[in-house]
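Spelled out, the chains give:
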Amino acid sequence: MNPVRTAEQAGVMECPQCSAIHPRRRGGSACDRCGAALHLRKPDSLRRTWAFLLAAMALYLPANILPIMTTGTLLGSQTNTILSGVVYLWQDGSYFVAAVVFCASIVIPIFKLAVLLMLVITVQVRSIWRPVERTRLYGMVEAVGRWSMVDVFVVALLASLVRLDALATVRPEPGAIAFGAVVVLTMLASMSFDPRLIWDPLDAHDKQA
Ligand SMILES: [Zn+2]
């Protein structure tokens, strides 16, 4: 028994940009109000999400192992990875900043990647396991995504924390590029995922029952 009537069953579709409701038409036609392309679902959602997610996961390791920046002062230069930067900040007594950088650059990216991986796997095998909780988890990833410039901010923050005397230099290293790519690819993976896919196996399940 599925008491929910979907837009598809009602013969209408919603504009993804401006939320105007249109009679259901062939996909790809444009919204009368804002001109955005109309789709019943996010096109090719599962395959796109997989592609962005796998690329993000592949770059996660270099992002954390490679140095993200070299800071040079008169006293010598120092090259840091994300984690060694966090340790450095902590030992320096900047506990709050160390905690923020640790959360934004390690905890949140791992959380997002883990949730998205769990979602694509459960959708792929057409799991009917805890759809409400899975939909909520996706909502959390999306919510985090809205202020995920925090991740990029971290690199800027790290750079600014070097006590900038006149002769100090900050040079980004390859790890920073890998980290930026992880952030962007994770955002794209999250945007590509269509949470309605979570509920499709349940509809099929209900029809069989
Ligand atoms: Zn529109």
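Residues numbered from 1 in each chain as written. Predicted model: local features only at pLDDT ≥ 70, side-chain atom pairs only at ≥ 80, totals over all residues. Heavy atoms only, no water.

### Things to note about the side chain of Asp194
And step 1. Following the sequence through the fold, Asp194 ends up in the loop between α7 (174-192) and α8 (200-208).
And step 2. Polar contacts involving the side chain of Asp194 include one to the main-chain amide nitrogen of Lys42, which spans 2.9 Å.
And step 3. Residue contacts for Asp194: discarding those within four places in its chain leaves Arg41, Lys42 and Ser45. (Helix = DSSP H or I, 4+ residues; strand = E, 2+ residues; numbered from the N terminus. Polar contact = N/O pair within 3.5 Å; in protein donor to acceptor, adjacent residues only side chain to side chain. Contact = heavy atoms within 4.5 Å.)

### Remarks on a nonpolar patch on the surface
And step 1. Nonpolar side chains collect at one region of the surface, where Leu83, Val87, Phe102 and Val107 lie side by side and expose about 310 Å² of accessible area between them.
And step 2. Sorting the residues of the nonpolar patch by element identifies α3 (82-91) and α4 (95-124) as the ones contributing at least two each.
And step 3. Relative to the helices and strands, Val107 is located in helix α4. (Patch = residues over 30% accessible without salt bridge, like charges linked within 9 Å, V, L, I, M, F, W, Y side chains within 5 Å. Areas by Shrake-Rupley, 256 points an atom, 1.4 Å probe, with all protein chains shown as cover. Salt bridge = Lys/Arg side-chain N within 4 Å of Asp/Glu carboxyl O.)

### Points about the coordination of the zinc ion
And step 1. Every protein donor of the zinc ion is accounted for by Cys15 (SG), Cys18 (SG), Cys31 (SG) and Cys34 (SG), and the metal-donor separations fall at 2.2 to 2.3 Å.
And step 2. Because the angles between the four donor atoms bound to the zinc ion fall within 102 to 113°, the donor set is best described as tetrahedral.
And step 3. Sequence spacing of the donors to the zinc ion: C-x2-C-x12-C-x2-C. Taken together, the residues Cys15 in the loop between β1 (12-14) and β2 (21-23) and Cys34 in the loop between β2 and α2 (45-65) connect sequence positions 19 residues apart.
And step 4. Relative accessible area serves as the criterion here: at 1%, Cys15 is assigned to the buried category. (Donors = N, O, S within 2.8 Å, 3.2 Å for Na, K, Ca; no water. Tetrahedral: all angles 85-135°; square planar, octahedral: opposite > 155°, others 65-115°. Buried < 20%, exposed > 50% of the residue type's maximum accessible area, 1.4 Å probe, protein only.)

### Quick notes on the sheet that holds strand β4 (residues 76-80)
To summarise the sheet geometry, strands pair through backbone hydrogen bonds and adopt either a parallel or an antiparallel arrangement.
And step 1. Within the open sheet, the three strands sit side by side as β4-β3-β5. Their pairing is antiparallel. With one partner strand each, in any of the chains shown, β4 and β5 (169-172) form the two edges of the open sheet. Along the sheet, successive strands turn relative to each other by an average axial angle of 15°, direction set aside.
And step 2. Sheet topology note: the strand β3 (residues 69-73)/β5 ladder contains four bridges and is antiparallel. By the bridge assignment for β5, Met69 is matched with Pro172. (Pairing = 2+ DSSP bridges. Axes fitted to C-alpha atoms, helices over the stretch in contact; angles between N-to-C directions.)

### Observations concerning the confidence of the model for the protein
And step 1. Averaged over every residue, the pLDDT of the protein is 84; the share at 70 or more is 86%.
And step 2. Taken element by element, the protein is modelled with least confidence in helix α6 (residues 149-161), mean pLDDT 62, and with most confidence in α2, mean pLDDT 96. (pLDDT = per-residue confidence, 0-100.)

### Quick look at the packing of α3 against α4
Helix-helix packing: each pair is described by the crossing angle between the helix axes and the interaxial distance.
And step 1. Where α3 contacts α4, the axes come no closer than 8 Å and their chain directions differ by 165°. Taken together, the axes of α3 and α4 are roughly antiparallel relative to one another. The way α3 lies across α4 gives a crossing that is left-handed. Packed against α3, whose contacting residues are Ile82, Leu83, Val86, Leu89 and Trp90, the element α4 presents Tyr95, Val97, Ala98, Val101, Phe102, Ser105 and Ile106 at the interface.
And step 2. Looking at the contact of α3 with α4 residue by residue, the classes come out as 11 nonpolar, one polar and no charged. (Parallel < 35°, antiparallel > 145°, perpendicular 65-115°, else oblique. Left-handed = near helix turned anticlockwise from the far one by under 90°. Nonpolar A, V, L, I, M, F, W, Y, C, P; charged D, E, K, R; others polar.)

### As for the pairing of β3
And step 1. In terms of residue burial, β3 counts as a mostly covered element, since four of its five residues are buried.
And step 2. Sheet topology places β3 next to β4; five bridges connect them, and they run antiparallel. Paired with Thr73 across the bridge in β4 is Gly76.
And step 3. In sequence, β3 turns back onto β4 through a hairpin of two residues.

### Notes on the pattern of salt bridges
And step 1. Counting across every chain of the model gives six salt bridges.
And step 2. Taking the shortest distance from any N to any O, the salt bridge between Arg24 and Glu8 comes out at 4.0 Å. Placement of Arg24 in the loop between β2 and α2 and of Glu8 in helix α1 (residues 7-10) is noted, with a sequence separation of 16 residues between them.
And step 3. Exposure remark for Arg24: the relative accessible area of 44% places this residue in the partly exposed category.
And step 4. Given the relative accessible area of 39%, Glu8 is considered partly exposed.
And step 5. Salt-bridge contacts for Glu133 lead to Arg130; the nearest nitrogen and oxygen are separated by 3.7 Å.

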